[in-house]
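# Analysis of the macromolecular model
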Amino acid sequence: MKLPKKVRTYCPNCKKHTQHTVTQVKKRTARALSWGQRQFARVTAGYGSQPRSEQKRFFKTTKKITLLFRCSECGKAHPRKGFRSKKVTFGE
């Protein structure tokens, strides 16, 4: 799906409609010392299989993307829940 690079939308920091640049939020690496990652490392350590069974079939073929809007006036960014799409490209 094609989306514009710049959108005029509401900025919660400025409390008015301003020009925003749109980007897609990427998944970051998990914190190694968080509780969930420590448990995952403990369970997967050594010999053995995964801590939970592998998924046999995939029901959903797409993932919901999250869009990040960055205000051109104040520079603050706020995310907005997107939609289901296989591929998103930003253009004019």
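Every chain is numbered on its own, with residues counted from 1 as its sequence reads. Where totals are concerned, whole chains, interfaces and linings use all residues; where local detail is concerned, this predicted model gives features only for residues with pLDDT of at least 70, and gives and counts side-chain atom pairs only at 80 or more. Water and hydrogen atoms play no part in the side-chain values, which are based on all heavy atoms of the structure.

The next thing to look at is the overall build of the protein. Secondary structure summary: the protein contains one helix and six strands in total. Ordered by position in the sequence, the α and β elements of the protein form the string β-β-β-α-β-β-β. Each principal axis of the C-alpha atoms in the protein carries an extent, and together these give about 55 × 30 × 20 Å. Each residue gets one of three labels from its accessible area relative to the maximum for its type: buried under 20%, exposed over 50%, partly exposed in between, using a 1.4 Å probe on protein chains only. Across the 92 residues that make up the protein, the buried fraction comes to 16%. Pairs of residues are marked as contacts when any of their non-hydrogen atoms sit within 4.5 Å. Counted over contacts in the protein with a minimum sequence separation of 6, partners at least 24 positions apart contribute 50%. For helices the rule is a DSSP run of H or I covering at least 4 residues; for strands it is a run of E covering at least 2, with both sets numbered from the N terminus onward.

The next thing to look at is the nonpolar core. Judged by nonpolar contacts, Leu3, Val22, Ile65, Leu67, Phe69 and Val88 together constitute the single largest core of six residues. The greatest single-element share of this core, amounting to three residues, is contributed by strand E4 (residues 63–71). In these notes, a set of buried Ala, Val, Leu, Ile, Met, Phe, Trp, Tyr and Cys residues joined through side-chain atoms within 4.5 Å is what counts as a nonpolar core.

Strand pairing is assigned whenever DSSP identifies at least 2 bridges connecting the two strands. As paired elements, strand E2 (residues 6–11) and strand E3 (residues 16–24) share six bridges and run antiparallel to each other. The residue bridging Cys11 from the neighbouring strand is Lys16, located in E3. Here E2 folds back onto E3 in antiparallel fashion, the turn holding four residues, of which Lys15 has a positive phi close to 60°.

Sheet architecture is open: four strands sit in the order E2-E3-E4-E5, paired in antiparallel fashion. Pairing within the sheet leaves two strands with one partner each, and these edge strands are E2 and strand E5 (77–85). In this sheet, neighbouring strand axes are inclined to one another by 45° on average, regardless of whether the strands run parallel or antiparallel. Two strands pair when backbone bridges link them, and E4 and E5 are joined in this way by seven bridges, in the antiparallel orientation. Residue pairing in the sheet places Thr66 in a bridge with Lys81 of E5. In this description, a line fitted to the C-alpha atoms serves as the axis of each element, helices being fitted only across the stretch in contact, and the angle between N-to-C directions of two axes falls anywhere from 0 to 180 degrees.

Any functional reading would require information that these geometric values do not contain.
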